[in-house]
Amino acid sequence: MLAQSALLRTLRLALTRWLDGDEERLVQLHGTPETSVYVGHGKPWDRDYARERLAGWRTGFRRQGFSTLKLMTANGSEFVGRAGISWYEDAQVHQLAYSIERSKWDQGYASEIASALVGWFFETEVGERLEAMAHVDNAASLHILKNTGFREIDMRSVRGEPCRFFQMTRADYADFAKARPSRKPTS
């Protein structure tokens, strides 16, 4: 099998397109109450729901050239999760998202891909503002967003659950990259 080309690469990770059959990877990623509580409809994903989400991400990618993509190790040997930037028409905002497979938590993958996506977003001039959100109880994501340079803008309810919303503007990104050159994302 030929290795799939990466759309974005970091030292340890590669973002690639979804393939037929990848809904099984999403069921593995979000198929338990613990791994689905903050994503999608907040319930464990089954094949049908995973297939529906994949169809939406593929459509988004065809329309905008970016969306939520499959996250693999740099050599393509292991599935790590999903990550990307999506355009939300109803809110008129680009939003960063990532989910890491449970067995790969606490290895810095979410921070690495979040930084790379932020860099890609602003360096390729996709937009002027990027938003992200995390459930108030998702301490890991809250920590990652703050350390990546996002600043909190408000708290909103999502599916009846309290979520903290963050944003980064082009000016915020430039200031963050200048203040922390060693933390500047790679792309």
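Higher on the page you've got the structure.
Okay, so let's go over this structure. (Residues numbered from 1 in each chain as written. Predicted model: local features only at pLDDT ≥ 70, side-chain atom pairs only at ≥ 80, totals over all residues. Heavy atoms only, no water.)

**Digging into the sheet that holds strand β3 (residues 68–73)**
Taken together, the eight strands give an open sheet; going across it, the order is β1-β2-β3-β4-β5-β6-β8-β7, and neighbouring strands pair in mixed fashion. Pairing within the sheet leaves two strands with one partner each, and these edge strands are β1 (8–9) and β7 (151–158). Looking at chain direction, strand β2 (residues 13–16) and β3 are connected through four bridges and run antiparallel. Across the sheet, L13 pairs through a bridge with T73, a residue of β3. Set on the sheet, helix α1 (residues 23–30) makes contact with β3, β4 (79–88) and β5 (93–100); between it and β4 the angle comes to about 95 degrees. (Pairing = 2+ DSSP bridges. Helix = DSSP H or I, 4+ residues; strand = E, 2+ residues; numbered from the N terminus. Contact = heavy atoms within 4.5 Å. Axes fitted to C-alpha atoms, helices over the stretch in contact; angles between N-to-C directions.)

**Regarding the pairing of β7**
Judged from the seven bridges that link them, β7 and strand β8 (residues 161–169) form a sheet pairing that is antiparallel. Bridge pairing links R156 to C163 in β8. Here β7 folds back onto β8 in antiparallel fashion, the turn holding two residues, of which R159 has a positive phi close to 50 degrees.

**Structural notes on the pairing of β5**
Taking burial as the measure, the eight residues of β5 include seven buried ones, the bulk of the element. In this structure, β4 lies alongside β5, joined through eight bridges in antiparallel fashion. Directly across from A83, in β5, lies its bridge partner Y98. Once β4 ends, the chain turns through four residues before running back antiparallel as β5, passing Q92 with a positive phi of about 55 degrees. Summarising the sheet, β5 and strand β6 (residues 129–135) pair through two bridges and their orientation is parallel. When the bridges of β6 are listed, H94 appears paired with L130. Between β5 and its parallel partner β6, the chain crosses via helix α4 (residues 109–123), and the hand of that crossover is right-handed. (Buried < 20%, exposed > 50% of the residue type's maximum accessible area, 1.4 Å probe, protein only. Right-handed = clockwise from strand over helix to strand, strands pointing away.)

**Examining the layout of surface pockets**
Quantified by volume, the largest pocket comes out at close to 1200 Å³. Residue lining of the largest pocket: 47 residues in total, with Y38, V39, Y98, S99 and N138 positioned closest to the centre. Counting residues per element, the lining of the largest pocket draws most heavily on β5, at seven residues. When the residues that make up the lining of the largest pocket are grouped by side-chain class, the tally is 24 nonpolar, 13 polar and 10 charged. (1 Å grid on protein atoms, 1.4 Å probe; cavity = no way out; pocket = protein on both sides within 12 Å on 5 of 7 lines; lining within 4 Å. Points joined across faces, edges and corners; volume = space filled by probe spheres on them. Nonpolar A, V, L, I, M, F, W, Y, C, P; charged D, E, K, R; others polar.)

**Thoughts on the pattern of salt bridges**
Counting across every chain of the model gives 17 salt bridges. The partner of D22 in a salt bridge is K70, with the nearest N and O atoms 3.0 Å apart. Within this pair, whereas D22 is found in the loop between β2 and α1, its partner K70 is found in strand β3, the two being separated by 48 residues in sequence. Like D22, the residue K70 is buried in the burial classification. With a closest N to O distance of 3.1 Å, R170 and E128 form a salt bridge. Of the two residues, R170 is situated in helix α6 (residues 170–179) and E128 in the loop between α4 and β6; the sequence distance between them amounts to 42 residues. (Salt bridge = Lys/Arg side-chain N within 4 Å of Asp/Glu carboxyl O.)

**Describing the environment of S77**
Along the chain, the position of S77 falls in the loop between β3 and β4. In this structure S77 comes out as exposed when scored by relative accessible area, which is 51%. In this structure the side chain of S77 is engaged in a polar contact, spanning 2.7 Å, whose partner is the side chain of N75. (Polar contact = N/O pair within 3.5 Å; in protein donor to acceptor, adjacent residues only side chain to side chain.)

**Focus on the side chain of Q95**
Along the chain, Q95 falls in strand β5. Every residue in contact with Q95, bar those within four places of it in the chain, is listed here: G84, I85, S86, Y88, L130, E131, A132, M133 and F165.

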